[in-house]
Amino acid sequence: MAYGDPVFKFVRGGSIVTAASNAHQLFGAYSGLSLLNNSEVVHIIVSASGGDFRMSVDPDTPATNDSALRIQSAASLFDLPPLSVGDASRITVAREGSNNPIMFWTVFRRRP
């Protein structure tokens, strides 16, 4: 997605800090998707700070500290492919090491 793409509109940005090696919902207790319909399409950009993460988009297989897609803190940003709100709301993340890294996320909604 190009910056300023008129097809997508900014919805919300946020972050989650992991304090244990188990899987956490990407959007935490507050869902950045709560104002959207389940079938709407969103584009999510993530980045990591303070350590590396694993991320799973598969709700049946939560992220663990040694499986799922690796998001490195050395990378600047990672763009997920467009997802329905229903699928995006079930993304999980898990830290790789013993530190407590932060996962930053930004959500854009596809305009009709």
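Residues numbered from 1 in each chain as written. Predicted model: local features only at pLDDT ≥ 70, side-chain atom pairs only at ≥ 80, totals over all residues. Heavy atoms only, no water.

Visitor: I keep staring at the overall build of the protein chain and nothing clicks. Help me out?
Guide: The number of helices and strands found in the protein chain is one helix and nine strands. Along the chain direction, N to C, the helices and strands of the protein chain fall in the order β-β-β-β-β-β-β-α-β-β. The C-alpha atoms of the protein chain give 13 Å as radius of gyration, which agrees with the globular expectation for 112 residues (13 Å, within 12%). For the protein chain, the C-alpha atoms occupy an extent of roughly 40 × 30 × 20 Å along the three principal directions. Here the protein chain holds 112 residues, and the buried ones make up 37% of them. Of all intrachain contacts in the protein chain linking residues separated by at least 6 positions in sequence, the fraction that spans at least 24 positions is 79%. Total accessible area on the protein chain stands at roughly 6100 Å², and carbon and sulfur atoms take up 52% of it. Treating the 9 positive side-chain charges of the protein chain as one cloud and the 9 negative ones as another, the clouds have centres 8 Å apart. (Helix = DSSP H or I, 4+ residues; strand = E, 2+ residues; numbered from the N terminus. Rg over C-alpha atoms; globule rule 2.2 N^0.38 Å. Buried < 20%, exposed > 50% of the residue type's maximum accessible area, 1.4 Å probe, protein only. Contact = heavy atoms within 4.5 Å. Areas by Shrake-Rupley, 256 points an atom, 1.4 Å probe, with all protein chains shown as cover. Lys, Arg positive; Asp, Glu negative; His and termini not counted. Charge placed at Lys NZ, Arg CZ, Asp CG, Glu CD.)

Visitor: I'm lost on the pairing of strand β3 (residues 41-49) in this one. Help?
Guide: Here is the key point about a regular strand: its side chains alternate between the two faces of the sheet. A large share of β3 lies buried, amounting to seven of its nine residues. The sheet contact formed by β3 and strand β7 (residues 83-84) spans two bridges and is antiparallel. For V41, the partnering residue across the bridge sits in β7 and is S84. Relative to strand β9 (residues 102-110), β3 runs antiparallel, the two being bridged by eight bridges. Paired with V46 across the strands is W105, a residue of β9. Examined bridge by bridge, β3 and strand β6 (residues 78-79) share two bridges and lie antiparallel to one another. Within the sheet, the bridge partner assigned to I45 lies in β6 and is D79. (Pairing = 2+ DSSP bridges.)

Visitor: Could you clarify how one ought to interpret the packing of aromatic side chains in this entry?
Guide: Centre-to-centre distance and the angle between the planes together describe a pair of aromatic rings. Enumeration over the complete set of coordinates arrives at one aromatic pair. Residues F10 and F108 carry aromatic rings whose centres are separated by 6.0 Å and whose planes lie at 75° to one another, so their mutual orientation is edge-to-face. With a gap of 98 residues between them, F10 in strand β1 (residues 8-17) and F108 in strand β9 connect regions that are remote in the sequence. (Phe/Tyr/Trp six-rings, centres within 6.5 Å; stacked < 30°, edge-to-face > 60°.)

Visitor: Please clarify how the sheet that holds strand β2 (residues 24-25) should be interpreted in this entry.
Guide: Think of a sheet as strands paired side by side through backbone hydrogen bonds, with each pair either parallel or antiparallel. The sheet built from four strands is open, its strands ordered β2-β8-β4-β5 with antiparallel pairing. Looking at strand neighbours, the two that pair on one side only are β2 and β5 (69-71), the edges of this open sheet. Pairing geometry for strand β4 (residues 53-56) and strand β8 (residues 92-95), over four bridges, is antiparallel. Note on β8: the bridge partner recorded for F53 is R95.

Visitor: Looking at this structure, how should I read the pairing of β9?
Guide: As paired strands, β1 and β9 are joined by nine bridges and run antiparallel to one another. Each residue of the ladder has a partner; that of V17, found in β9, is I102.

Visitor: Explanation requested: the pattern of salt bridges in the structure shown.
Guide: One pass over the full model with this rule turns up five salt bridges. Residues E96 and R70 are paired through a salt bridge, measuring 3.0 Å at the closest nitrogen-oxygen approach. One end of the pair, E96, is in the loop between β8 and β9; the other, R70, is in strand β5, with 26 residues separating them in the sequence. Each of D52, R54, R70 and E96 takes part in a single network of salt bridges with overlapping partners. (Salt bridge = Lys/Arg side-chain N within 4 Å of Asp/Glu carboxyl O.)

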